[in-house]
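Below are the chains, spelled out letter by letter.
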Amino acid sequence: MNRKLLTQALTKVISGVFLVGLLLFLPAGSFSYWNGWLLMAIMFVPMIAAGFVMMKKSPELLQKRLNAKEEQSEQKVVILLSGLMFLAAFIAAGLNYRFGWTILPNWIVYAATAVFLLGYMLYAEVLRENAYLSRTVEVQENQKVIDTGLYGIVRHPMYMSTFLLFLSMPLVLGSVVSFIIMLVYIPIITKRIRNEEQVLEDGLEGYSDYKKRVKYKVIPLIW
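Below is a short write-up of the structure. Since the model is a prediction, treat every value here as computed from it, not as a measurement.

Description of the overall build of the chain
- When its secondary structure is counted, the chain shows nine helices and zero strands.
- The helix and strand sequence of the chain, counted from the amino end, reads α-α-α-α-α-α-α-α-α.
- Out of the 223 residues belonging to the chain, those deemed buried represent 44%.
- Restricting the contact set of the chain to residue pairs at least 6 apart, pairs at least 24 apart contribute 78%.

If you want it as structure tokens, here you go:
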């Protein structure tokens, strides 16, 4: 096993756990915020498991995703807006717990948890299907159009999975305010997809024909 890659991956995960915990529990003013612990469990446990699988089966893909840095200025703006969205949503969820702004019934929290895990499963399937999957908008050397599996249903199944993940996340946290904040993801991802498809049409042979065959971008029969 690549020790350097393992160290890098573990550092990223530990940093993520610390940051998310800080953003949730500090505003909440208590470690008794059980929704926060639930989200961290369903977020990081599958992430760690997937990381070990990728390290064993596709270390190149894991390395690429760990080191990816967006080069396009338009996408840098998208990443900045996404970061601000998460920051606001997590802090609002913690404050919601502290001050009791909204209280969601447990069945909604558990249903959102199921949707979140479904989103993770779809994300894992996308990773399995597409060896060219990148965190950045780019056309890679020898890249080919993938049009099977989930890619035969929508053109951007990765965003379909993140759509489920991000919109279920605030409900797992029990915060309607955070859910409203996370709706900002819709125009953010619309902007990213528009730019990404332009890059792929310009640089990836066969992508224009693929767009004609697969009509929907993210949600089957809707979008």
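Focus: a nonpolar patch on the surface
- A cluster of nonpolar side chains, namely Val-77, Leu-80, Leu-81, Leu-84, Leu-87 and Ile-91, defines an oily patch on the protein surface of about 480 Å² accessible area.
- By the element assignment, Leu-80 lies in helix H4 (residues 73-99).
- Given a relative accessible area of 53%, Leu-80 falls into the exposed group.

Some thoughts on the environment of Leu-5
- Within the fold, Leu-5 resides in helix H1 (residues 3-28).
- Taking C-alpha positions, Leu-5 is 9.8 Å from Glu-60, a pair spaced 55 residues apart along the chain.

With respect to the pattern of salt bridges
- All chains considered together, the criterion is met by four salt bridges.
- Ionic pairing is found between Arg-155 and Glu-197, a salt bridge with its closest N-O pair at 2.7 Å. Of this pair, Arg-155 sits in the loop between helix H5 (106-129) and helix H6 (157-172) while Glu-197 sits in helix H8 (residues 185-203), and the two are 42 residues apart along the sequence.
- The salt bridge involving Glu-197 is made with Lys-211; its shortest N-O contact spans 3.6 Å. In this pair, Glu-197 is assigned in helix H8 and Lys-211 in helix H9 (residues 207-213), connecting sequence segments 14 residues apart.
- Residues participating in the shared-partner salt-bridge network are Arg-155, Glu-197, Glu-201 and Lys-211.

Things to note about the packing of aromatic side chains
- Using the criterion set out here, one finds twelve aromatic pairs in the structure.
- Here Phe-99 and Trp-101 contribute two aromatic rings whose centre-to-centre distance is 6.1 Å and whose plane-to-plane angle is 20°, an arrangement assigned as stacked.
- When its relative accessible area of 45% is taken as the criterion, Trp-101 is described as partly exposed.
- Following the ring pairs from residue to residue traces out a cluster consisting of Phe-25, Phe-31, Tyr-33, Trp-37 and Tyr-97.

Thoughts on the side chain of Thr-113
- Turning to its location among the elements, Thr-113 is positioned in helix H5.
- Within the structure, the side chain of Thr-113 is placed 2.8 Å from the backbone oxygen of Val-109, a separation counted as a polar contact.
- Ignoring any residue separated from it by four or fewer positions in sequence, one finds Thr-113 in contact with Leu-38, Ile-42 and Val-172.

Notes on the packing of H5 against H6
- Relative to each other, H5 and H6 sit at 155°, their axes nearing to 8 Å. Put simply, H5 runs roughly antiparallel to H6. Of the two possible hands of crossing, H5 and H6 adopt the one that is left-handed. On H6, the residues that touch Val-109, Ala-112, Thr-113, Val-115, Phe-116, Leu-118, Gly-119, Tyr-120, Leu-122, Tyr-123 and Val-126 of H5 are Pro-157, Met-158, Met-160, Ser-161, Thr-162, Leu-164, Leu-165, Ser-168, Met-169, Leu-171 and Val-172.
- Within the contact of H5 with H6, the residues separate by chemical class into 17 nonpolar, five polar and no charged.

Parameters at a glance
Residues numbered from 1 in each chain as written. Predicted model: local features only at pLDDT ≥ 70, side-chain atom pairs only at ≥ 80, totals over all residues. Heavy atoms only, no water. Helix = DSSP H or I, 4+ residues; strand = E, 2+ residues; numbered from the N terminus. Buried < 20%, exposed > 50% of the residue type's maximum accessible area, 1.4 Å probe, protein only. Contact = heavy atoms within 4.5 Å. Patch = residues over 30% accessible without salt bridge, like charges linked within 9 Å, V, L, I, M, F, W, Y side chains within 5 Å. Areas by Shrake-Rupley, 256 points an atom, 1.4 Å probe, with all protein chains shown as cover. Salt bridge = Lys/Arg side-chain N within 4 Å of Asp/Glu carboxyl O. Phe/Tyr/Trp six-rings, centres within 6.5 Å; stacked < 30°, edge-to-face > 60°. Polar contact = N/O pair within 3.5 Å; in protein donor to acceptor, adjacent residues only side chain to side chain. Axes fitted to C-alpha atoms, helices over the stretch in contact; angles between N-to-C directions. Parallel < 35°, antiparallel > 145°, perpendicular 65-115°, else oblique. Left-handed = near helix turned anticlockwise from the far one by under 90°. Nonpolar A, V, L, I, M, F, W, Y, C, P; charged D, E, K, R; others polar.

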